[in-house]
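Chain by chain, the residues:
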Amino acid sequence: MGKITLGIVDDHKIFRNGLKATLEDCEDFDLILEASNGKELMGLLTTKTPDVLLMDIKMPEMDGIQTATFVHQNYKKIKILALSMFNEDKYIVDMMKAGASGYLLKNAEPEEIIEAVSTVHCKGFYFNEHLSITLIKQLVGNDHSETITSNKADLNEREIEVLKLVCQECSNQEIADKIFLSVRTVEGYRARLFEKTGSKNLVGLVIYAIKRGIINVT
C-alpha cells in the first residue's frame, strides 16, 4: 500500500510549517502540495491531486467553504479535512455541507491530526466527539419541524441495516464482516443509499437516518 498523499491549504505560513512538520514525521504520509488560499489551490490541482486536503476555513480571496465546494464538485476523490480556530456550530456544519469529510480544531494534538488523516483516507470521513455533537444539535435539535417518521419504506430492510452501520462510522470491510457480505456488495449498498436518499456524503446519510427515526440520537 502506497503512502497517503496530502495537501495543506492555509494562509498562515507559521501554522502551515508546524502542520507540515507534524505530517512529515509520519512515514505513511507524503505531502505533495501547499497553497495559501483556494485560488492558488485551483491552479495547483491541475497537476497534483492529493488523497487528502487539510483546509483552513478563513482565507483571503477564496475561503474554505468556497474552496471545499469547488473541490467536491470537480475532484470527488479528494477527501477534505477542515482545520479551523473556530469551535462554532455554523462553521462546522457549513464546511461539512460544502463537502468536507471531517473537521479538526487547529489546536488538535499531533496524534489526533494523524489519526484524522488516516481515518478520513481509509473510511472516507472522520468524526470526533465535538463534530458529532455539533451536527446532531444543528441538524436535529434545532430542526424538529422537519422530522419525518413515515417513509422508511424508501429503503428495504438490508439497506436500513447497512445505513445504521454506516452511521456508526463502520468501514465497508467492517460492515461486510458484521452482516456476512462481500465488500463489493456493501459498496453497492452504499451507492444505492446515496442515490435513494439524494445524499452527497456521509453527513447527508446521517441527516436522512436521524430525521426518519432510523437511528436514535438521544
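Rules behind the numbers
- Residues numbered from 1 in each chain as written.
- Predicted model: local features only at pLDDT ≥ 70, side-chain atom pairs only at ≥ 80, totals over all residues.
- Heavy atoms only, no water.
- Buried < 20%, exposed > 50% of the residue type's maximum accessible area, 1.4 Å probe, protein only.
- Helix = DSSP H or I, 4+ residues; strand = E, 2+ residues; numbered from the N terminus.
- Right-handed = clockwise from strand over helix to strand, strands pointing away.
- Pairing = 2+ DSSP bridges.
- Axes fitted to C-alpha atoms, helices over the stretch in contact; angles between N-to-C directions.
- Contact = heavy atoms within 4.5 Å.
- Salt bridge = Lys/Arg side-chain N within 4 Å of Asp/Glu carboxyl O.
- Parallel < 35°, antiparallel > 145°, perpendicular 65-115°, else oblique.
- Left-handed = near helix turned anticlockwise from the far one by under 90°.
- Nonpolar A, V, L, I, M, F, W, Y, C, P; charged D, E, K, R; others polar.
- Phe/Tyr/Trp six-rings, centres within 6.5 Å; stacked < 30°, edge-to-face > 60°.
- Lys NZ or Arg CZ within 6 Å of the ring centre and 35° of its normal.
- Core = buried A, V, L, I, M, F, W, Y, C linked by side-chain atoms within 4.5 Å.

- The name given to the protein in an unreviewed UniProt entry is Response regulator transcription factor, with Mucilaginibacter dorajii as the source organism.

**Points about the pairing of strand β1 (residues 4–9)**
Right, so step 1: Within β1, six of the six residues are buried, leaving the element largely enclosed by the surrounding structure.
Right, so step 2: Side chains Ile-4, Leu-6 and Ile-8 project from β1 onto one buried face, and the interleaved Thr-5, Gly-7 and Val-9 project onto a second face that is buried too.
Right, so step 3: Crossover handedness for the path β1 to helix α1 (residues 13–24) to strand β2 (residues 29–35): right-handed.
Right, so step 4: Pairing analysis gives four bridges linking β1 to strand β3 (residues 52–56), with the strands arranged parallel. Across the sheet, residue Val-9 finds its bridge partner in β3, namely Met-55.

**A word on unusual backbone geometry**
Right, so step 1: Notably, Glu-61 is not glycine yet its phi reads approximately 70°, a positive angle.
Right, so step 2: Of note, Phe-180 is a non-glycine position whose phi angle comes to about 60°, a positive value.
Right, so step 3: Structurally, the position occupied by Phe-180 is in the loop between α8 (172–179) and α9 (183–197).
Right, so step 4: Residue Phe-180 is classed as exposed on the basis of its relative accessible area of 74%.

**Observations concerning the sheet that holds strand β4 (residues 79–84)**
Backbone hydrogen bonds hold the strands of a sheet together, and the pairing may be parallel or antiparallel.
Right, so step 1: Spatially, the five strands line up as an open sheet ordered β2-β1-β3-β4-β5, and their pairing is parallel. Lying at the two open borders of the sheet, with one neighbouring strand each, are β2 and β5 (102–105). Adjacent strand axes in the sheet meet at a mean angle of 25°, parallel and antiparallel pairs treated alike.
Right, so step 2: As paired strands, β1 and β2 are joined by six bridges and run parallel to one another. Bridging from a neighbouring strand, Leu-6 pairs with Leu-31 of β2.
Right, so step 3: Together, β3 and β4 form the strand contacts of helix α3 (residues 64–74), whose direction differs from that of β3 by roughly 160°.
Right, so step 4: Sitting on the sheet, helix α5 (residues 110–123) is in contact with β1, β2, β3, β4 and β5, with an inclination near 130° to β3.

**Thoughts on the pattern of salt bridges**
Right, so step 1: A complete count under the given rule lists seven salt bridges for this structure.
Right, so step 2: Across the salt bridge formed by Glu-34 and Lys-20, the nearest N and O atoms sit 3.2 Å from each other. You can see Glu-34 sitting in strand β2 and its partner Lys-20 sitting in helix α1, a full 14 residues away along the chain.

**Overview of the packing of helix α7 (residues 157–167) against α8**
Right, so step 1: Here α7 crosses α8 at 130°, and the two axes come no closer than 10 Å. Judged on the interaxial angle alone, α8 and α7 are oblique. In the packing of α7 onto α8, the handedness of the crossing is right-handed. Residue-level contacts link Arg-158, Glu-161, Val-162, Leu-165 and Val-166 of α7 to Ile-175, Lys-178 and Ile-179 of α8.
Right, so step 2: Of the residues contributing to the contact of α7 with α8, the split by class is five nonpolar, no polar and three charged.

**Structural notes on the packing of aromatic side chains**
Right, so step 1: Inspection of every chain in the model, using the stated rule, returns one aromatic pair.
Right, so step 2: It is Arg-192 that lies over the ring of Tyr-189; its NZ or CZ is 4.5 Å from the centre.

**Structural notes on the nonpolar core**
Right, so step 1: Grouped together as the largest cluster of nonpolar side chains are 48 residues, with contacts concentrated most on Leu-41, Leu-53, Met-55, Val-71, Leu-163 and Ile-214.
Right, so step 2: Leu-163 has contacts with Leu-155, Leu-193, Leu-205, Tyr-208, Ala-209 and Ile-214, leaving out every residue within four places of it along the chain.
Right, so step 3: Leu-19, Leu-23, Leu-81 and Val-120 belong to the second-largest nonpolar core, a separate cluster that totals 19 residues.

**Details of the environment of Asp-30**
Right, so step 1: Along the chain, Asp-30 falls in strand β2.
Right, so step 2: Once the C-alpha coordinates of Asp-30 and Pro-50 are considered, the two residues, 20 residues apart in sequence, prove to be 9.0 Å apart.
Right, so step 3: Once residues within four sequence positions are removed from consideration, Asp-30 is found in contact with Lys-3, Ile-4, Thr-5 and Leu-6.

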